[in-house]
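Now for the letters of each chain:
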Amino acid sequence: GAGVSQSPRYKVAKRGQDVALRCDPISGHVSLFWYQQALGQGPEFLTYFQNEAQLDKSGLPSDRFFAERPEGSVSTLKIQRTQQEDSAVYLCASSLDSHEQFFGPGTRLTVL
Amino acid sequence: DQQVKQNSPSLSVQEGRISILNCDYTNSMFDYFLWYKKYPAEGPTFLISISSIKDKNEDGRFTVFLNKSAKHLSLHIVPSQPGDSAVYFCAASEVGGNNDMRFGAGTRLTVKP
């Protein structure tokens, strides 16, 4: 199918390790969002791109979190020096500039 | 600061009966509301939405009601089917925003055959 894909689906990292999570949005979708979903909670907004421009990064919890979308398509969320509290499912969503966002399956990050 | 609240973590109903999932919000700037459905190990899937200029939107077995004065919305599923068993998230986005959404914590619906 031509949905949003994310890789890896599961990632286990040792505390202090850097990780990179990838999102392939639906082709042609201008808007791309990253969310963090902790266990038992709803997704929480992290950051938003319109094409290659990162228009809102107000949800990033610390300067250890960094996201990029250099060519306006694939996006990478990088977490440096991971901490146990970073353990969560990271969801990517894309949108054709409308309210309806299409989500990927998420990457479950576990920091030991 | 949870701007969208789903106070019922779980709901169980019998097949064929009505399921009512509730959601409250605090931010009066929200102008668009959505319900997403999530199965295990999958991302949320859009179900139905409503603009703040309406008080009801219906799509097949799913109806969303919005009460702006009470800052409350609800999702009705009738008749409920076992395949509806999933976690349902309420979400809201703000006037003039980037369409980034604020989500509730979710309600796990179980429909018993």
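The structure under discussion appears in the preceding block.
About the cut-offs
- Residues numbered from 1 in each chain as written.
- Chains lettered and ligands numbered in written order.
- Predicted model: local features only at pLDDT ≥ 70, side-chain atom pairs only at ≥ 80, totals over all residues.
- Heavy atoms only, no water.
- Contact = heavy atoms within 4.5 Å.
- Buried area = accessible area lost by both parts, 1.4 Å probe.
- Polar contact = N/O pair within 3.5 Å; in protein donor to acceptor, adjacent residues only side chain to side chain.
- Helix = DSSP H or I, 4+ residues; strand = E, 2+ residues; numbered from the N terminus.
- Nonpolar A, V, L, I, M, F, W, Y, C, P; charged D, E, K, R; others polar.
- Disulfide = S-S within 2.5 Å.
- Buried < 20%, exposed > 50% of the residue type's maximum accessible area, 1.4 Å probe, protein only.

*Asks:* Can you help me understand the interface of chain B and chain A in this one?
*Replies:* How big an interface is tends to be expressed through the accessible area that disappears when the partners come together. The partner chain A presents 20 residues to the 20 residues of chain B that form the contact. With both chains or domains summed, chain B and chain A bury close to 1600 Å², and 56% of this area falls on carbon and sulfur atoms. Here chain B is connected to chain A by three residue pairs in polar contact (both at pLDDT 80 or more). Taken together, the elements giving at least two residues each to the side of chain B that touches chain A come down to β4 (30-38), β9 (86-94) and β10 (102-103) of chain B. With four residues, the single largest contributor to the side of chain B that touches chain A is β4(B). Across the side of chain B that touches chain A, the residue classes break down as ten nonpolar, six polar and four charged.

*Asks:* Any chance you could explain the state of the cysteines here in plain terms?
*Replies:* Where two cysteines share a covalent bond between their sulfur atoms, that bond is called a disulfide. Enumeration over the complete set of coordinates arrives at two disulfides over all chains. Between Cys23(A) and Cys92(A) runs a disulfide, and the two sulfur atoms are separated by 1.9 Å. Where Cys23(A) bonds to Cys92(A) through sulfur, the torsion about that S-S bond is close to -65 degrees, and the disulfide is left-handed. Placement of the pair is Cys23(A) in strand β3 (residues 19-24) and Cys92(A) in strand β9 (residues 88-95), with a sequence separation of 69 residues. Assessed through its relative accessible area of 0%, Cys23(A) is described here as buried. Across the disulfide, Cys23(B) is cross-linked to Cys90(B) (sulfur-sulfur distance 2.0 Å). Across the disulfide from Cys23(B) to Cys90(B), rotation about the S-S bond amounts to roughly -70 degrees, and the bridge is consequently left-handed. Note that Cys23(B) is positioned in strand β3 (residues 19-25) and Cys90(B) in strand β9, a separation of 67 residues in sequence. In this structure Cys23(B) comes out as buried when scored by relative accessible area, which is 0%.

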